[in-house]
Amino acid sequence: MNRKLSVKLGMFGACPISLLQDKTVKPNAVKVFIALMSFEGTGVESYPSREKIAERAGLSTPEKVSNAIQNLVETGWVHVIQRGKQQSNIYQGIYRDWE
């Protein structure tokens, strides 16, 4: 039987395998990293709100996003630039080569 698979490409984010293998990165932080990368588009930074990150990462609260971002910063996977009150931060993913 010859079947055609119908695949619809949607939005996606990338994640380095070395981040998945990094035992210091918590599971929610991996989800947040992938969500952040999906906001980057063709640039090298993104500036979504914590609410938008939570929605995209499937997390229930912005506080969980904050904890995940703190873990990513502490483990060296994300750099955060604060823009001031009432503005979302700028997030830059840091791609490291562990080999």
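Just so it is clear, the structure is predicted and the values come from calculations on it, not from any experiment.

Asker: A description of the environment of Met11 should follow, citing residues and the corresponding values.
Answerer: Relative to the helices and strands, Met11 is located in the segment before α1 (17-21). A relative accessible area of 59% places Met11 in the exposed class. Measuring from C-alpha to C-alpha, the distance between Met11 and Ala35 comes to 9.9 Å, with 24 residues separating the pair along the chain.

Asker: So what about helix α3 (residues 50-57)? Which residues, and what values?
Answerer: For α3, every residue scored as buried is listed here: Ile53, Ala54 and Ala57. The arc that holds the buried residues of α3, viewed along the axis, is 100°, so those residues lie on one side. In the core, the buried residues of α3 are packed alongside α2 (27-40), α4 (62-74) and β2 (90-93). Trailing α3 by a residue or two, Gly58 shows a phi angle of about 75°, which is positive.

Asker: Summarise the nonpolar core; cite the residues concerned and give the values.
Answerer: Among the nonpolar cores identified, the biggest contains 20 residues, and Leu19, Val25, Val32, Phe33, Leu36, Ile53 and Leu72 are the most heavily contacted of them. When residues of this core are assigned to their parent elements, the largest contribution, seven residues, is made by α2. Setting aside residues up to four positions removed in sequence, Leu19 forms contacts with Val25, Val30, Phe33, Leu72 and Trp77.

Asker: Please provide a residue-by-residue account of the packing of aromatic side chains, values included.
Answerer: Going through the model one piece at a time under the given rule, you end up with one aromatic pair. Taking 6.2 Å as the distance between ring centres and 80° as the angle between the ring planes, the aromatic pair formed by Phe33 and Trp77 counts as edge-to-face. Here Phe33, found in helix α2, pairs with Trp77, found in the loop between α4 and β1 (78-81); they are 44 residues apart in sequence, far enough to count as distant. Using a relative accessible area of 0% as the deciding quantity, one classes Trp77 as buried. The ring of Phe39 has Arg56 sitting right over it, with the charged end atom 3.7 Å from the ring centre.

Thresholds applied
Residues numbered from 1 in each chain as written. Predicted model: local features only at pLDDT ≥ 70, side-chain atom pairs only at ≥ 80, totals over all residues. Heavy atoms only, no water. Helix = DSSP H or I, 4+ residues; strand = E, 2+ residues; numbered from the N terminus. Buried < 20%, exposed > 50% of the residue type's maximum accessible area, 1.4 Å probe, protein only. Arc of directions from axis to C-beta. Contact = heavy atoms within 4.5 Å. Core = buried A, V, L, I, M, F, W, Y, C linked by side-chain atoms within 4.5 Å. Phe/Tyr/Trp six-rings, centres within 6.5 Å; stacked < 30°, edge-to-face > 60°. Lys NZ or Arg CZ within 6 Å of the ring centre and 35° of its normal.

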